[in-house]
Amino acid sequence: KSLREDPATKSDYINLNELGLIFYSDEKYDSAAHYYSLSLQIDKSSAQIFLNRAYAYQDNGNHSKAIEDFSKVLEMQSNSIEALMLRGNSYTELENFDLALNDYNQAIAYDSTSARVFDTKSIDLYNADPVVFKERGESYLKLEQTEKACSDFNKAKALDSEDVDELINEYCTE
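None of the values given here were measured: they were computed from a predicted structure.

Undergrad: I'd like a rundown of helix H3 (residues 47-59), residues and numbers included.
TA: An ideal rise of 1.5 Å per residue puts 18 Å on 13 residues; H3 measures up with 18 Å between its terminal C-alpha atoms. Of all 13 residues that make up H3, ten are buried, and the element is covered over most of its length. Taken as a whole, H3 has its buried residues at Ala47, Ile49, Phe50, Leu51, Asn52, Arg53, Ala54, Ala56, Tyr57 and Gln58. Once H3 ends, the next one or two residues include glycine 61, with phi positive near 85°.

So this is what it looks like as structure tokens:
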């Protein structure tokens, strides 16, 4: 029976998801992933549960499984900036920097604020998320594309990120 047809199934689904959230908040990522998996056995159409399980896999260091779940989220919600960013982080952890860059670039393109990061006439910054620029910059560094990395670090800095000061000092000063 579907969730709509069977209230007991819906209750089980909600309880399993809540157990996953509890275990996740206690940093018991294997248990959280287990309960999210049980929840997905009831309803495989929940992008949120796939996202939750991907977080658990990622935080437990299982980046391959995290990538699979982030990809499933993106199949359901192709413009999920969160899933793109996090999948990019897992690709980075697996040293697949080209795929990480692809995800970071898509996240910037989809983000309604980041998509307009620089106004072409005035070069004014909008309220974009500096994290995506920092993460993409770090991937560029791994690919030995220092100029692009520094450009992204400077964008993150212009968006009030203090996390990039050390990177700028190390890689972007002559």
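Undergrad: Go over the side chain of aspartate 69 with me, naming the residues and quoting the values.
TA: Here aspartate 69 is to be found in helix H4 (residues 63-76). Separated by 2.6 Å, the side chains of aspartate 69 and arginine 53 make a polar contact.

Undergrad: How would you summarise the nonpolar core if you had to cite specific residues and measurements?
TA: Judged by nonpolar contacts, the single largest core of 39 residues is most densely connected at Ala56, Phe70, Val73, Ala83, Val132, Phe133 and Phe153. For this core, the secondary-structure elements that each account for two or more residues are helix H2 (29-42), H3, H4, helix H5 (81-93), helix H6 (97-110), helix H7 (130-142), helix H8 (146-158) and helix H9 (165-171). When residues no more than four places from it in sequence are discounted, the contact partners of phenylalanine 153 are Lys134, Gly137, Glu138, Leu141, Val164, Leu167, Ile168 and Cys172.

Undergrad: Give me the lowdown on the pattern of salt bridges, citing residues and values where you can.
TA: This model, assessed by the stated rule, comprises six salt bridges. Between arginine 87 and aspartate 103 there is a salt bridge, and its shortest N-O distance comes to 2.7 Å. Taken together, the positions of arginine 87 in helix H5 and aspartate 103 in helix H6 put the pair 16 residues apart, joining distant regions of the chain. Just as arginine 87 is buried, aspartate 103 falls in that class too. Among the salt bridges present, the one from arginine 136 reaches aspartate 152, with a minimum N-O distance of 2.5 Å. With arginine 136 in helix H7 and aspartate 152 in helix H8, the pair connects residues that are 16 residues apart, well separated along the chain.

The rules behind these values
Residues numbered from 1 in each chain as written. Predicted model: local features only at pLDDT ≥ 70, side-chain atom pairs only at ≥ 80, totals over all residues. Heavy atoms only, no water. Helix = DSSP H or I, 4+ residues; strand = E, 2+ residues; numbered from the N terminus. Expected span 1.5 Å × (residues − 1). Buried < 20%, exposed > 50% of the residue type's maximum accessible area, 1.4 Å probe, protein only. Polar contact = N/O pair within 3.5 Å; in protein donor to acceptor, adjacent residues only side chain to side chain. Core = buried A, V, L, I, M, F, W, Y, C linked by side-chain atoms within 4.5 Å. Contact = heavy atoms within 4.5 Å. Salt bridge = Lys/Arg side-chain N within 4 Å of Asp/Glu carboxyl O.

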